[in-house]
Amino acid sequence: MVINEQSSNPDGSLTVNAVHQYLGTNPPDVLTGDLVIGQATCGVPAGPGADRAPAVADFDGDGATDHSVFRPEGGTWFVAGATPEALNYGEPTDTPVPADYDGDAKVDIAVRRASTGTWFIHRSSDNTDTALTYGVSSDVPVPADYDGDGKADIALYRPSTGTWYVHQSTNDADVATTFGGIAGDIPVPGDYDGDTKADLAIYRPGSTWFIHRSSDNADTALGYGAAGDIPVPGDYDGDGSTDIAIFRPSVGLWSIHNSAGGDTAVTYGVGSDQPVAGDYDGDAKTDIAIFRPDAGLWWVHQSSNNADVATTYGVGTDIALPLPHAIRRVFF
Ligand SMILES: [Ca+2]
Ligand SMILES: [Ca+2]
Ligand SMILES: [Ca+2]
Ligand SMILES: [Ca+2]
(Lines give C-alpha, C1' and ligand atoms only; values in the text may rest on other atoms or scores of the structure.)
(Ligands and ions follow the chains in the order given, each with its own letter.)
Protein backbone atom coordinates (compact mmCIF):
# COMPACT_ATOMS: atom_id res chain seq x y z
CA MET A 1 0.00 0.00 0.00
CA VAL A 2 1.28 3.48 -0.83
CA ILE A 3 -0.02 6.30 1.34
CA ASN A 4 -0.42 9.44 -0.73
CA GLU A 5 -1.86 11.70 1.89
CA GLN A 6 -2.86 11.60 5.49
CA SER A 7 -4.44 14.20 7.69
CA SER A 8 -5.26 14.50 11.35
CA ASN A 9 -8.83 15.53 12.01
CA PRO A 10 -9.95 17.86 14.80
CA ASP A 11 -11.54 15.01 16.73
CA GLY A 12 -8.23 13.15 16.83
CA SER A 13 -9.08 10.68 14.07
CA LEU A 14 -6.80 10.14 11.08
CA THR A 15 -7.85 10.12 7.41
CA VAL A 16 -5.61 8.27 4.99
CA ASN A 17 -5.76 8.33 1.17
CA ALA A 18 -3.88 5.43 -0.31
CA VAL A 19 -3.22 3.43 -3.45
CA HIS A 20 -3.07 -0.30 -2.96
CA GLN A 21 -3.21 -3.48 -4.92
CA TYR A 22 -6.66 -5.07 -4.82
CA LEU A 23 -6.43 -8.54 -3.32
CA GLY A 24 -10.09 -9.52 -3.24
CA THR A 25 -12.55 -10.77 -5.85
CA ASN A 26 -15.87 -9.04 -5.23
CA PRO A 27 -16.30 -5.87 -7.31
CA PRO A 28 -16.83 -7.04 -10.89
CA ASP A 29 -15.12 -4.01 -12.37
CA VAL A 30 -11.92 -4.43 -10.32
CA LEU A 31 -9.65 -7.40 -10.90
CA THR A 32 -7.34 -8.87 -8.34
CA GLY A 33 -3.98 -7.18 -8.74
CA ASP A 34 -5.41 -3.88 -10.01
CA LEU A 35 -4.28 -0.72 -8.33
CA VAL A 36 -7.16 0.96 -6.54
CA ILE A 37 -7.50 4.22 -4.65
CA GLY A 38 -9.05 4.14 -1.25
CA GLN A 39 -9.75 6.36 1.69
CA ALA A 40 -10.14 5.30 5.28
CA THR A 41 -10.61 7.13 8.52
CA CYS A 42 -9.21 5.62 11.68
CA GLY A 43 -11.10 6.22 14.89
CA VAL A 44 -10.25 8.51 17.74
CA PRO A 45 -7.40 7.12 19.79
CA ALA A 46 -8.52 5.67 23.10
CA GLY A 47 -8.15 8.20 25.89
CA PRO A 48 -6.55 7.63 29.25
CA GLY A 49 -8.36 4.93 31.15
CA ALA A 50 -10.14 3.61 28.07
CA ASP A 51 -7.92 0.58 27.69
CA ARG A 52 -5.21 1.04 30.28
CA ALA A 53 -4.74 2.47 33.73
CA PRO A 54 -4.12 6.23 33.94
CA ALA A 55 -0.54 7.41 33.99
CA VAL A 56 1.25 7.10 37.30
CA ALA A 57 0.28 9.99 39.62
CA ASP A 58 -2.01 11.58 37.01
CA PHE A 59 -4.36 13.37 39.40
CA ASP A 60 -6.01 15.71 36.89
CA GLY A 61 -6.63 13.07 34.26
CA ASP A 62 -4.87 14.81 31.38
CA GLY A 63 -2.99 11.63 30.53
CA ALA A 64 0.32 12.78 31.99
CA THR A 65 2.06 12.14 35.30
CA ASP A 66 1.97 15.13 37.66
CA HIS A 67 4.85 16.29 39.81
CA SER A 68 3.41 15.46 43.19
CA VAL A 69 4.45 14.75 46.75
CA PHE A 70 3.00 13.72 50.10
CA ARG A 71 4.42 15.77 52.97
CA PRO A 72 4.16 13.65 56.12
CA GLU A 73 4.39 16.69 58.35
CA GLY A 74 0.75 17.80 58.32
CA GLY A 75 -0.32 14.97 56.07
CA THR A 76 -0.46 17.26 53.05
CA TRP A 77 -0.65 16.34 49.38
CA PHE A 78 0.85 18.69 46.81
CA VAL A 79 0.04 18.24 43.12
CA ALA A 80 1.56 20.67 40.63
CA GLY A 81 -1.14 22.51 38.69
CA ALA A 82 -4.02 21.09 40.72
CA THR A 83 -6.86 23.14 42.21
CA PRO A 84 -6.36 23.31 45.12
CA GLU A 85 -2.68 22.55 44.84
CA ALA A 86 -2.44 21.41 48.46
CA LEU A 87 -4.87 19.15 50.30
CA ASN A 88 -4.60 17.84 53.83
CA TYR A 89 -5.46 14.19 53.72
CA GLY A 90 -4.05 11.69 56.15
CA GLU A 91 -1.77 11.65 59.15
CA PRO A 92 2.01 11.90 59.22
CA THR A 93 2.49 8.15 59.64
CA ASP A 94 0.03 7.18 56.90
CA THR A 95 1.21 5.57 53.69
CA PRO A 96 0.16 7.36 50.50
CA VAL A 97 -1.55 4.90 48.15
CA PRO A 98 -2.66 6.99 45.14
CA ALA A 99 -4.52 5.11 42.41
CA ASP A 100 -7.69 5.47 40.34
CA TYR A 101 -10.11 3.68 42.63
CA ASP A 102 -13.31 5.14 41.12
CA GLY A 103 -12.31 4.62 37.51
CA ASP A 104 -12.68 8.17 36.17
CA ALA A 105 -9.15 8.16 34.71
CA LYS A 106 -7.94 10.47 37.48
CA VAL A 107 -5.71 9.15 40.22
CA ASP A 108 -7.35 9.56 43.63
CA ILE A 109 -5.68 10.85 46.74
CA ALA A 110 -5.65 7.98 49.25
CA VAL A 111 -3.79 6.79 52.31
CA ARG A 112 -3.49 3.57 54.22
CA ARG A 113 -3.24 3.73 58.01
CA ALA A 114 -1.09 0.80 59.02
CA SER A 115 -2.07 0.95 62.71
CA THR A 116 -5.64 -0.03 61.90
CA GLY A 117 -5.26 -1.39 58.37
CA THR A 118 -7.72 1.22 57.12
CA TRP A 119 -7.69 2.66 53.63
CA PHE A 120 -9.07 6.18 53.16
CA ILE A 121 -9.87 7.16 49.59
CA HIS A 122 -10.78 10.64 48.37
CA ARG A 123 -12.66 9.89 45.17
CA SER A 124 -11.84 12.30 42.35
CA SER A 125 -15.19 11.73 40.62
CA ASP A 126 -17.33 13.24 43.38
CA ASN A 127 -14.92 14.35 46.14
CA THR A 128 -16.50 11.91 48.58
CA ASP A 129 -14.46 9.79 50.94
CA THR A 130 -14.63 6.06 51.45
CA ALA A 131 -12.90 3.93 54.04
CA LEU A 132 -12.23 0.22 54.18
CA THR A 133 -10.28 -1.77 56.71
CA TYR A 134 -8.34 -4.48 54.96
CA GLY A 135 -5.33 -6.45 56.09
CA VAL A 136 -2.91 -6.19 58.98
CA SER A 137 -0.36 -3.53 59.76
CA SER A 138 2.65 -5.36 58.33
CA ASP A 139 1.01 -5.88 54.93
CA VAL A 140 2.36 -3.93 51.98
CA PRO A 141 -0.21 -1.98 49.95
CA VAL A 142 -0.14 -2.86 46.24
CA PRO A 143 -3.22 -1.18 44.70
CA ALA A 144 -3.71 -1.83 40.98
CA ASP A 145 -6.51 -2.86 38.62
CA TYR A 146 -6.25 -6.63 38.93
CA ASP A 147 -9.77 -7.44 37.69
CA GLY A 148 -9.58 -5.13 34.70
CA ASP A 149 -12.72 -3.06 35.26
CA GLY A 150 -10.86 0.22 34.98
CA LYS A 151 -10.83 0.79 38.74
CA ALA A 152 -7.86 0.20 41.00
CA ASP A 153 -8.47 -2.51 43.57
CA ILE A 154 -7.47 -2.24 47.19
CA ALA A 155 -4.78 -4.87 47.53
CA LEU A 156 -2.07 -6.08 49.88
CA TYR A 157 1.02 -8.23 49.76
CA ARG A 158 1.90 -10.10 52.95
CA PRO A 159 5.68 -10.62 52.97
CA SER A 160 5.69 -13.38 55.60
CA THR A 161 3.65 -15.74 53.45
CA GLY A 162 3.84 -14.27 49.95
CA THR A 163 0.07 -13.97 49.87
CA TRP A 164 -1.61 -11.31 47.76
CA TYR A 165 -5.03 -10.14 48.94
CA VAL A 166 -7.08 -8.35 46.31
CA HIS A 167 -10.41 -6.68 47.12
CA GLN A 168 -11.90 -6.67 43.63
CA SER A 169 -13.66 -3.46 42.77
CA THR A 170 -15.95 -5.12 40.28
CA ASN A 171 -17.77 -7.32 42.81
CA ASP A 172 -16.25 -6.59 46.26
CA ALA A 173 -14.98 -10.18 46.34
CA ASP A 174 -11.69 -10.92 48.10
CA VAL A 175 -9.19 -13.08 46.29
CA ALA A 176 -6.08 -14.49 47.96
CA THR A 177 -3.21 -15.86 45.89
CA THR A 178 0.23 -16.95 47.03
CA PHE A 179 2.98 -15.70 44.76
CA GLY A 180 6.43 -14.93 46.13
CA GLY A 181 7.13 -15.19 49.83
CA ILE A 182 10.89 -15.54 49.90
CA ALA A 183 12.33 -13.08 52.38
CA GLY A 184 13.24 -9.89 50.56
CA ASP A 185 10.84 -10.33 47.65
CA ILE A 186 9.48 -7.01 46.41
CA PRO A 187 5.98 -6.85 44.90
CA VAL A 188 6.05 -5.13 41.50
CA PRO A 189 2.53 -5.51 40.07
CA GLY A 190 1.97 -4.29 36.52
CA ASP A 191 0.28 -5.30 33.30
CA TYR A 192 3.17 -7.23 31.85
CA ASP A 193 1.05 -9.20 29.36
CA GLY A 194 -0.96 -6.19 28.21
CA ASP A 195 -4.50 -7.52 28.79
CA THR A 196 -5.46 -4.43 30.88
CA LYS A 197 -5.41 -6.47 34.09
CA ALA A 198 -2.58 -5.99 36.57
CA ASP A 199 -0.48 -9.10 37.06
CA LEU A 200 0.92 -10.31 40.35
CA ALA A 201 4.68 -9.91 40.07
CA ILE A 202 7.72 -10.22 42.29
CA TYR A 203 11.23 -8.87 41.98
CA ARG A 204 13.65 -11.06 43.87
CA PRO A 205 16.48 -8.64 44.56
CA GLY A 206 19.62 -9.17 42.59
CA SER A 207 18.27 -11.97 40.46
CA THR A 208 14.85 -12.68 39.07
CA TRP A 209 11.48 -11.25 38.07
CA PHE A 210 8.51 -13.58 38.52
CA ILE A 211 5.25 -12.69 36.76
CA HIS A 212 1.87 -14.38 37.18
CA ARG A 213 0.16 -13.46 33.93
CA SER A 214 -3.51 -12.58 34.24
CA SER A 215 -4.20 -13.56 30.63
CA ASP A 216 -3.48 -17.27 31.05
CA ASN A 217 -2.48 -17.73 34.71
CA ALA A 218 0.94 -18.90 33.55
CA ASP A 219 4.06 -17.93 35.45
CA THR A 220 7.12 -16.55 33.77
CA ALA A 221 10.55 -15.87 35.21
CA LEU A 222 13.36 -13.71 33.86
CA GLY A 223 16.76 -13.05 35.34
CA TYR A 224 17.18 -9.30 35.26
CA GLY A 225 19.01 -7.16 37.78
CA ALA A 226 21.96 -7.25 40.16
CA ALA A 227 22.38 -6.66 43.87
CA GLY A 228 21.43 -3.08 44.79
CA ASP A 229 19.23 -2.52 41.72
CA ILE A 230 15.86 -0.85 42.21
CA PRO A 231 12.97 -2.25 40.18
CA VAL A 232 11.33 0.43 38.02
CA PRO A 233 8.72 -1.34 35.88
CA GLY A 234 6.80 0.80 33.40
CA ASP A 235 5.62 0.90 29.80
CA TYR A 236 8.70 2.57 28.36
CA ASP A 237 8.08 1.41 24.78
CA GLY A 238 4.39 2.31 24.85
CA ASP A 239 3.02 -1.00 23.57
CA GLY A 240 0.52 -1.33 26.41
CA SER A 241 2.51 -3.91 28.34
CA THR A 242 4.63 -3.19 31.38
CA ASP A 243 8.36 -3.62 30.79
CA ILE A 244 10.75 -5.15 33.26
CA ALA A 245 13.30 -2.49 34.19
CA ILE A 246 15.86 -1.63 36.86
CA PHE A 247 17.69 1.47 38.09
CA ARG A 248 21.24 0.86 39.31
CA PRO A 249 22.00 3.71 41.72
CA SER A 250 25.73 3.04 41.96
CA VAL A 251 26.24 4.14 38.37
CA GLY A 252 22.92 5.87 37.58
CA LEU A 253 22.05 3.22 35.02
CA TRP A 254 18.54 2.51 33.76
CA SER A 255 18.22 -0.84 32.06
CA ILE A 256 14.91 -1.59 30.35
CA HIS A 257 13.80 -4.91 28.92
CA ASN A 258 11.27 -3.71 26.35
CA SER A 259 8.24 -5.97 26.04
CA ALA A 260 8.13 -5.07 22.33
CA GLY A 261 11.69 -6.35 21.98
CA GLY A 262 15.23 -5.27 22.75
CA ASP A 263 16.92 -3.76 25.76
CA THR A 264 17.59 -0.10 26.42
CA ALA A 265 20.35 1.26 28.64
CA VAL A 266 20.43 4.92 29.68
CA THR A 267 22.58 6.62 32.29
CA TYR A 268 20.41 9.07 34.17
CA GLY A 269 20.75 10.19 37.76
CA VAL A 270 23.13 9.62 40.64
CA GLY A 271 23.14 7.27 43.60
CA SER A 272 21.16 9.44 45.99
CA ASP A 273 18.39 10.09 43.48
CA GLN A 274 15.03 8.36 43.69
CA PRO A 275 13.67 6.88 40.47
CA VAL A 276 10.21 8.34 39.73
CA ALA A 277 9.41 6.86 36.32
CA GLY A 278 6.09 8.08 34.90
CA ASP A 279 4.55 9.43 31.73
CA TYR A 280 5.19 13.14 32.30
CA ASP A 281 4.83 14.17 28.64
CA GLY A 282 1.65 12.15 28.13
CA ASP A 283 2.66 10.17 25.05
CA ALA A 284 1.68 6.83 26.63
CA LYS A 285 5.33 5.89 27.11
CA THR A 286 6.91 5.84 30.55
CA ASP A 287 9.67 8.43 30.90
CA ILE A 288 12.88 7.89 32.78
CA ALA A 289 12.83 10.35 35.68
CA ILE A 290 14.52 11.01 39.00
CA PHE A 291 13.72 13.01 42.14
CA ARG A 292 16.66 14.53 43.98
CA PRO A 293 15.30 14.95 47.49
CA ASP A 294 17.84 17.35 48.99
CA ALA A 295 17.00 19.96 46.36
CA GLY A 296 13.39 19.00 45.63
CA LEU A 297 14.60 18.68 42.04
CA TRP A 298 12.99 16.52 39.37
CA TRP A 299 14.63 15.56 36.11
CA VAL A 300 12.47 14.00 33.41
CA HIS A 301 13.85 12.48 30.22
CA GLN A 302 10.84 12.92 27.94
CA SER A 303 10.14 9.93 25.72
CA SER A 304 8.43 12.10 23.09
CA ASN A 305 11.45 14.20 22.17
CA ASN A 306 14.36 13.01 24.35
CA ALA A 307 14.44 16.44 25.99
CA ASP A 308 15.46 16.69 29.63
CA VAL A 309 13.21 18.83 31.77
CA ALA A 310 14.13 19.99 35.28
CA THR A 311 11.45 21.04 37.77
CA THR A 312 11.74 22.03 41.41
CA TYR A 313 8.83 20.70 43.41
CA GLY A 314 8.76 19.63 47.03
CA VAL A 315 11.35 19.36 49.77
CA GLY A 316 13.72 16.68 50.94
CA THR A 317 11.41 15.08 53.48
CA ASP A 318 8.57 14.74 50.98
CA ILE A 319 7.48 11.43 49.51
CA ALA A 320 7.53 11.63 45.71
CA LEU A 321 4.28 10.00 44.64
CA PRO A 322 5.23 8.39 41.30
CA LEU A 323 7.43 5.90 43.16
CA PRO A 324 5.26 2.98 44.35
CA HIS A 325 5.24 2.47 48.09
CA ALA A 326 6.13 -1.22 47.81
CA ILE A 327 9.44 -0.23 46.21
CA ARG A 328 10.00 2.84 48.35
CA ARG A 329 9.74 0.95 51.61
CA VAL A 330 12.66 -1.27 50.66
CA PHE A 331 15.03 1.34 49.29
CA PHE A 332 14.18 4.75 50.81
CA1 LIG B 1 -10.32 8.64 40.20
CA1 LIG C 1 -10.57 -3.20 39.46
CA1 LIG D 1 -2.14 -8.51 32.71
CA1 LIG E 1 6.27 9.72 28.00
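Note that this is a predicted model, so its numbers are computed, not measured. (Residues numbered from 1 in each chain as written. Chains lettered and ligands numbered in written order. Predicted model: local features only at pLDDT ≥ 70, side-chain atom pairs only at ≥ 80, totals over all residues.)

A.B. asks: Would you mind going over the sheet that holds strand β15 (residues 186-187) with me for this structure?
C.D. replies: Hydrogen bonds between backbone atoms are what pair the strands of a sheet, whose relative direction is either parallel or antiparallel. Spatial strand order, β15-β16-β17-β18: 4 strands in an open sheet with antiparallel pairing. Each of the sheet's edge strands pairs with one partner strand only, and the pair in question is β15 and β18 (219-223). For β15 and strand β16 (residues 200-204), the ladder comprises 2 bridges, and the chain directions are antiparallel. Residue pairing across strands places I186 opposite Y203, the latter belonging to β16. (Pairing = 2+ DSSP bridges. Helix = DSSP H or I, 4+ residues; strand = E, 2+ residues; numbered from the N terminus.)

A.B. asks: I tried to follow unusual backbone geometry on my own but got confused; where do I start?
C.D. replies: Put simply, T83 and P84 share a cis peptide bond, and its omega is -5°. Note on placement: P84 falls in the loop between β5 (76-79) and β6 (86-88). At A105, a position not held by glycine, the phi torsion is positive, near 70°. Checked against the element boundaries, A105 lands in the loop between β7 (95-96) and β8 (109-113). Here A105 falls in the buried class, since 22 other C-beta atoms lie within 10 Å of it. (Buried ≥ 20, exposed ≤ 12 C-beta atoms within 10 Å, placed from the backbone.)

A.B. asks: I'm lost on the pairing of strand β4 (residues 68-71) in this one. Help?
C.D. replies: On a regular strand, each side chain points to the face opposite its neighbour's, so the side chains alternate between the two faces of the sheet. Direction of pairing for β4 relative to β5: antiparallel, over a ladder of 4 bridges. Residue pairing in the sheet places V69 in a bridge with F78 of β5. Hairpin connection of β4 to β5: 4 residues between the antiparallel strands, including G74 at a positive phi of 90°. Where β4 and strand β27 (residues 319-320) come together, 2 bridges link them in antiparallel fashion. Bridging across to β27, V69 finds its partner in A320.

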